[in-house]
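# Understanding the architecture of this molecule
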Amino acid sequence: MRVDLFDFDLPQELIALRPARPRDAARMLVVRGEEPFEDAGVSDLPGLLKRGDVLVFNDTRVIPAQLEGRRGEAKIGATLHKRIDLRRWQAFIRNAKRLRPGEPVAFGGGVSATAEERLADGSFVLVFHGEEPVEVLLERAGRMPLPPYIAGKRATDAQDREDYQTMFAREDGAVAAPTAALHFTPRLMDALDAVGVTRETLTLHVGAGTFLPVKADDTDDHAMHSEWGRIEPETAERLNAARAAGGRVIAVGTTSLRLLESATREDGVIQAFAGDTDIFITPGYRFRAVDGLMTNFHLPKSTLVMLVSALMGRERMMAAYDHAIANDYRFYSYGDSSLLLP
């Protein structure tokens, strides 16, 4: 499909630079099939779901993966986006023309790494020096990797360490937050428990590739980034049992949805999973695992707009985005939410 079919004009003032406070005070646009759009709030979620439904959260934890350093006199920026092993990470490099394989970069705080090789996509493999775990080094020298549409408008600060982490964050490894779950609070979870909505977690370490624009003119020519994920066997069993009992599987975030779909057979049975996925979901895709999605509002011409268009229909989602813009919904990572029920 033509990528420009997923384009729209977004006023810059609708890009949220801070989250709603409290988190569950964010607005939520409810899109059900062809029914009229419903302007609601995240706190209304318990009344919009039913007993037996299952919300599936991503428990990845964002690491401070943004680094600033020097190679000699040259300033070098690095955004880690995928772990290779205990000491090696794949990274996007700013000022990459000043860095060659074999050269070291000093990031401050006693943290340094060597550029081992440059990959075909222009990124580098960085090998971190020393014996301390890389996560410890990042806590010392790194900062939270806010999306470019936020970082380009204001500096990252200490508040982002809390704001850009979900209440479910447990497994270190993401360089971008599974932002749909940023809206959840203990109070909201208690309200969901009270109406019989259950929850499951999986892990997908979101990479910086999630922010890369689609540069191709046609979706067939786009190379999707890969990310590592895991679904435990017991989780898959419980999800299959919930669906068999008539419950709906509602993915909280596109990351949860992508991993669920990657792990599901053609007959709709969700299986255990551990490994990389580069699934690219566009209109025409037949969903096997999920019955709905809770997600924020995404960038024009992004793979995530294509995904929600596959779930709800392109024209329907373009109309929903038009409604959101006309009604001043806040967009992107710190913005408002939508509940999509095909």
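Computed from a predicted model, the values in this text were never measured in an experiment.

Let us now look at the side chain of Asn296. The topology assignment puts Asn296 in strand β16 (residues 292-296). Given a relative accessible area of 1%, Asn296 falls into the buried group. Of note is the side chain of Asn296, whose polar atom sits 3.0 Å from the side chain of His183. Not counting chain neighbours up to four residues away, the residues in contact with Asn296 comprise Thr179, Ala180, His183, Tyr321, Tyr332, Ser333, Gly335, Asp336, Ser337 and Ser338.

Before going further, it helps to examine the pattern of salt bridges. Following the criterion strictly, the structure yields 30 salt bridges and no others. A salt bridge links Arg61 to Glu139; the nearest nitrogen and oxygen atoms lie 4.0 Å apart. On the criterion of sequence distance, the pair formed by Arg61 in strand β4 (residues 60-62) and Glu139 in helix α2 (residues 134-141) is long-range, its members being 78 residues apart. The salt bridge partner of Arg100 is Glu103, with a shortest N-O separation of 3.0 Å. One continuous salt-bridge network, built from bridges that share partners, spans Asp59, Arg170, Glu171, Arg230 and Glu232.

In this structure, Leu260 and Phe331 are the most contacted members of the largest nonpolar core, which totals 62 residues. Examining the composition of this core, we find that seven residues originate from one element, helix α8 (residues 303-312), more than from any other.

Among the secondary structure elements, Asp160 is positioned in helix α4 (residues 158-163). In this structure Asp160 comes out as buried when scored by relative accessible area, which is 0%. Of note is the side chain of Asp160, whose polar atom sits 2.9 Å from the side chain of Tyr334. Leave out the neighbours within four places in its chain, and Asp160 touches Arg18, Met144, Leu146, Arg154, Ala155 and Tyr334.

Attention now moves to the sheet that holds strand β14 (residues 249-252). With mixed pairing, nine strands are arranged side by side in an open sheet as β2-β1-β17-β16-β14-β3-β12-β13-β15. This sheet does not close on itself; its edge strands, each paired only once, are β2 (38-41) and β15 (273-277). Looking at each pair of strands side by side, their axes are set apart by 25 degrees on average, direction ignored. Direction of pairing for strand β12 (residues 198-204) relative to strand β13 (residues 227-231): antiparallel, over a ladder of two bridges. Residue pairing in the sheet places Thr203 in a bridge with Arg230 of β13.

A few words now on helix α7 (residues 254-262). Counting buried positions along α7 yields eight of nine residues, so the element is predominantly enclosed. Within α7 the residues assigned to the buried category are Thr254, Thr255, Ser256, Leu257, Arg258, Leu259, Leu260 and Glu261.

Scanning all chains against the criterion turns up one cavity of 30 Å³ or more. Roughly 70 Å³ of volume is contained in the largest cavity. Lining of the largest cavity is provided by Pro19, Ala20, Arg23, Ala26, Asp163, Leu182, His183, Ser333, Tyr334 and Gly335. A per-class count over the lining of the largest cavity returns five nonpolar, three polar and two charged.

Their axes nearest at 7 Å, the elements α8 and helix α9 (residues 314-326) cross at an angle of 120 degrees. Taken as axis vectors, α8 and α9 run oblique relative to one another. Crossing angle aside, the handedness with which α8 passes α9 is right-handed. Taking contact as the criterion, the partners of Val305, Val308, Ser309 and Met312 in α8 are, on α9, Arg314, Arg316, Met317, Met318 and Tyr321. When grouped by side-chain class, the residues that make up the contact of α8 with α9 number six nonpolar, one polar and two charged.

Summed over all chains, the structure comprises 14 aromatic pairs. Seen from their ring centres, Tyr149 and Tyr332 are 4.5 Å apart, and the 50 degrees between their planes marks the pair as tilted. One end of the pair, Tyr149, is in helix α3 (residues 148-151); the other, Tyr332, is in the loop between α9 and β17 (337-341), with 183 residues separating them in the sequence. For the pair Tyr285 and Phe287, a centre-to-centre distance of 4.9 Å together with 80 degrees between the ring planes defines the contact as edge-to-face.

Conventions we followed
- Residues numbered from 1 in each chain as written.
- Predicted model: local features only at pLDDT ≥ 70, side-chain atom pairs only at ≥ 80, totals over all residues.
- Heavy atoms only, no water.
- Helix = DSSP H or I, 4+ residues; strand = E, 2+ residues; numbered from the N terminus.
- Buried < 20%, exposed > 50% of the residue type's maximum accessible area, 1.4 Å probe, protein only.
- Polar contact = N/O pair within 3.5 Å; in protein donor to acceptor, adjacent residues only side chain to side chain.
- Contact = heavy atoms within 4.5 Å.
- Salt bridge = Lys/Arg side-chain N within 4 Å of Asp/Glu carboxyl O.
- Core = buried A, V, L, I, M, F, W, Y, C linked by side-chain atoms within 4.5 Å.
- Pairing = 2+ DSSP bridges.
- Axes fitted to C-alpha atoms, helices over the stretch in contact; angles between N-to-C directions.
- 1 Å grid on protein atoms, 1.4 Å probe; cavity = no way out; pocket = protein on both sides within 12 Å on 5 of 7 lines; lining within 4 Å.
- Points joined across faces, edges and corners; volume = space filled by probe spheres on them.
- Nonpolar A, V, L, I, M, F, W, Y, C, P; charged D, E, K, R; others polar.
- Parallel < 35°, antiparallel > 145°, perpendicular 65-115°, else oblique.
- Left-handed = near helix turned anticlockwise from the far one by under 90°.
- Phe/Tyr/Trp six-rings, centres within 6.5 Å; stacked < 30°, edge-to-face > 60°.

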